[in-house]
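# Coordinate analysis (summary)
The primary structure of each chain is shown beneath.
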Amino acid sequence: PDLKEKAVGGEGTWRGMAQQAAAGRHAGPFKKSFKQYEQPWHISKFKPVKEHINALDPDLLAGLSEKDSDVPRYLSKVCAALEEGMDDLFGQRAPEEDRRMMTKLPAKLFEDFVPGGGASVILMASLQYRKREGLDFGVFENVFVKDRKAGRKHAPLFLELEKALLNAGLLVRPKVFIGADVAMQDRNTLKDIVIAHHGQIASSRGHATHEILPDSQAEEAEGEFCRTLETQDKIAKVHWWYYPDSYHDWTPASKISGAAEPPMATPKLWKVHARFVRDLDKFNEWMNEEDYLEEEG
C-alpha cells in the first residue's frame, strides 16, 4: 500500500506510515540491519568525546591504537555494545528478575556527544571499569555481543553507569502526578509502575514533570506510524510510535513520508496518556512523551 501521512500536534508535524513489521524491530544496535555505529558520519561525532576523556584521564585510552582516527571508531562500537548488552539484560525480552535490577538508561544519553555529556560519562565509567577489572579493550564487544551469556556477569557495570549519570545530573528521574480524571481502579497500578522504575509520585501538578491523563478512546488508523528524525543521503532515521527511543532505526527514505522534524521543546509539564506508564513497564524504558500527547482536533 501507498504510504500515508498524518498530521498530529499542529502544522509541520507529520507521521509517515511504517511498513516494517513490529516483530522485526530491535533495540540492540548490532541486531539492526543498518549499522549506525559503523558509519563515518556517526563515528566522527565521538572526536570531542575522545578529547574530553583524554583531557580528564589519558591512561584510559592509552595503548588502544597508534592511529588517532581509530579511537572514535572504537568508542562508537563500545557505545553500541553497551546498548546491546543493556537491552539483552534489561530490555523487553529479558527475564523479569533481571529487568527488576534496573530500568534501561535513556537512549538519548548514548548520543549526547558534547564534552561531559551522556556519551562522555558512559564511556569514562565503562573504561574505568575495564581498567579496574583488568580487562582488555575488546571486552565490551566480546561479552555483550559475541558471547551474550557472559554479559550477565558484567551487569553491575550498568548500575555504575546509572550512578555516574545521576551524579553528573544527566539522568533525571520523572516526577509523576496522576490526574484526577484517571480511574480509581488504575491509579495504584500506575503509581506502582512509576515507583518500580525509580520515578517519584508528585502530590500536585506544580511539583511534577509529567501529568497522567486517561487514555484516549480514539482509535488509531490501521498500521503503525513513525516520524523522521534525520536523513543521510537516501536513508532516514525514524522513531516508531509507542516504542522507546532505543528502537530508533534507519530505513530507505523512499518508504517514509514527511521531512525530518525537530524535537519538541521540553514543556514545564508533560501531559501524557496513561499508556505512557504502561508502556514504560512493558519495555522497561521511559517512553517518548511525544507519542502520548493529547491530539488536537
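Residue numbers run consecutively from 1 along every chain, following the written order of its sequence. Predicted model: local features are reported for residues with pLDDT of at least 70 only, side-chain atom pairs are reported and counted for 80 or more only, and whole-chain, interface and lining totals are derived from all residues. Excluded from the side-chain calculations are hydrogens and water; all other atoms, namely the structure's heavy atoms, are used.

## Concerning the overall build of the chain
The line we're drawing: Per the convention used, a helix needs a DSSP run of H or I reaching at least four residues, while a strand needs a run of E reaching at least two, with both numbered from the N terminus. Burial here depends on accessible area, computed with a 1.4 Å probe over protein chains only, as a share of the maximum for the residue type. Under 20% is buried, over 50% is exposed, and the range in between is partly exposed. Here a residue-residue contact requires only that any non-hydrogen atoms of the pair lie within 4.5 Å. Each accessible area is a Shrake-Rupley result for a 1.4 Å probe, and residues are judged covered by the shown protein chains and nothing else.
What the chain contains, in helices and strands, is nine helices and nine strands. Counting the 297 residues in the chain, one finds 47% classified as buried. Pairs at least 24 apart in sequence give 68% of the contacts found in the chain among residues at least 6 apart. For the chain, the exposed area adds up to about 15,200 Å²; of that, 50% sits on carbon and sulfur atoms.

## Description of the pattern of salt bridges
For the record, the criterion: Any Lys or Arg side-chain nitrogen located within 4 Å of an Asp or Glu carboxyl oxygen qualifies as a salt bridge.
Scanning the entire structure with this criterion turns up 20 salt bridges. Arg-73 serves as the salt-bridge partner of Asp-70, at 3.1 Å between the closest nitrogen and oxygen. Residue Asp-70 and its partner Arg-73 are located together in helix H3 (residues 70-90), separated by three residues, close to a single helical turn.

## Some details on the packing of aromatic side chains
Our working definition: Geometry of aromatic contacts follows a simple scheme: Phe, Tyr and Trp rings, the Trp one being its six-membered ring, pair when their centres are within 6.5 Å, and the pair is stacked under 30 degrees between planes, edge-to-face over 60, tilted otherwise.
Applying the stated rule across the entire model yields 15 aromatic pairs. Look at Tyr-74 and Phe-137: their rings are 5.7 Å apart centre to centre, the planes differ by 85°, and that puts the pair in the edge-to-face class. Of this pair, Tyr-74 sits in helix H3 while Phe-137 sits in the loop between helix H5 (118-133) and helix H6 (139-146), and the two are 63 residues apart along the sequence. The exposure class of Phe-137 is buried, given its relative accessible area of 17%.

## Points about helix H2 (residues 47-56)
The condition that has to hold: Working note: the arc is built from the helix axis to C-beta atom directions.
What H2 keeps buried is the set Val-49, Lys-50 and Ile-53. Taken down its axis, H2 places every buried residue within 100° of arc, on the same side. Residues of H2 that are exposed and angled more than 90 degrees away from the buried face: Glu-51 and Ala-55. The secondary structure elements touched by the buried residues of H2 are H3 and H5.

## Examining the pairing of strand E3 (residues 175-178)
Using the following cut-off: Pairing between two strands requires that DSSP report at least two bridges joining them. A right-handed crossover is one whose linking path, passing over the helix from the first strand to the second, runs clockwise when the strands point away from the viewer.
Strand direction decides the pairing type here: E3 and strand E4 (residues 200-201), joined by two bridges, are parallel. Of the residues in E4, the one forming a bridge with Val-176 is Ile-201. At this point the chain moves from E3, through helix H8 (residues 184-196), to the parallel E4, and the crossover so formed is right-handed. Two elements, E3 and strand E5 (residues 210-213), share three bridges in a ladder whose sense is parallel. Residue pairing for E5: Val-176 is matched across the bridge by His-210.

## Topic: the sheet that holds strand E9 (residues 270-273)
Put simply, the test is: Orientation is described by lines fitted to C-alpha atoms, with helices fitted over the stretch in contact, and by angles between N-to-C directions that extend from 0 to 180 degrees.
Pairing in this open sheet of four strands is parallel, and the strands run E4-E3-E5-E9 from one edge to the other. In this open sheet, the two strands that pair with only one neighbour each are E4 and E9. Across the sheet, helix H9 (residues 275-283) touches E5 and E9, and the angle it forms with E9 is around 75°.

## Considering the packing of H5 against helix H7 (residues 156-167)
Our working definition: Between 65 and 115 degrees an angle is taken as roughly perpendicular, under 35 as roughly parallel, over 145 as roughly antiparallel, and anywhere else as oblique. Less than a right angle of anticlockwise turn of the near helix away from the far helix marks a crossing as left-handed, whereas a clockwise turn marks it as right-handed.
Across the interface, H5 lies against H7 with an axial gap of 9 Å and an inter-helix angle of 135°. The angle between H5 and H7 places the two elements in the oblique class. Of the two possible hands of crossing, H5 and H7 adopt the one that is right-handed. On the side of H5, the interface is formed by Gly-118, Val-121, Ile-122, Ala-125, Ser-126, Tyr-129 and Arg-132, while H7 contributes Leu-157, Glu-160, Leu-161, Ala-164 and Leu-165.

## Some remarks on the nonpolar core
Threshold: Note on terminology: a nonpolar core comprises buried Ala, Val, Leu, Ile, Met, Phe, Trp, Tyr and Cys residues joined through side-chain atoms within 4.5 Å.
The biggest cluster of nonpolar side chains holds 43 residues, and the ones touching the most others in it are Leu-75, Leu-82, Phe-140 and Phe-158. Every element with two or more residues in this core is listed here: H2, H3, H5, H6 and H7. It is H3 that contributes the most residues to this core, eleven residues altogether. Look past the residues within four positions of Leu-82 in its chain and what remains in contact with it is Phe-110, Ile-122, Ser-126, Phe-140, Phe-144, Leu-157 and Phe-158. Judged by nonpolar contacts, the second largest core, of 28 residues, contains Val-176, Leu-190, Val-238 and Phe-276.

## Describing the packing of H2 against H3
Formally: By the convention adopted, Pro, Cys, Tyr, Trp, Phe, Met, Ile, Leu, Val and Ala count as nonpolar, Lys, Arg, Asp and Glu as charged, and the other residues, Gly among them, as polar.
Between H2 and H3, whose axes approach to 9 Å, the crossing angle comes to 100°. Taken together, H2 and H3 sit at an angle that is classed as roughly perpendicular. Residue-level inspection shows Lys-47, Val-49 and Lys-50 of H2 in contact with H3, the latter providing Val-71, Pro-72 and Leu-75. Classifying every residue of the contact of H2 with H3 gives four nonpolar, no polar and two charged.

## Some points on H6
Within H6 the residues assigned to the buried category are Val-139, Phe-140, Val-143, Phe-144 and Val-145. Lining the buried residues of H6 we find H3, H5 and H7.

## Comments concerning the confidence of the model for the chain
Our working rule: Note on scores: pLDDT gives the predictor's confidence for each residue, bounded by 0 and 100.
A residue-level look at the chain finds 88% of positions with pLDDT of 70 or above and a mean pLDDT of 89. Predicted confidence for residues 1-23 stays below pLDDT 50, and this span has 64 contacts to residues more than four positions away or in other chains.

## Focus on unusual backbone geometry
Leaving glycine out, the prevailing phi sign among residues is negative, and the prevailing peptide bond configuration is trans. Phi at Tyr-242 is positive, roughly 65°, even though this residue is not glycine. When you line up the elements, Tyr-242 lands in the loop between strand E7 (235-240) and strand E8 (249-252). The backbone of Asn-284 shows a phi angle near 60°, a positive value even though the residue is not glycine. Turning to its location among the elements, Asn-284 is positioned in the segment after H9. On the basis of relative accessibility, which here comes to 1%, the residue Asn-284 falls in the buried class.

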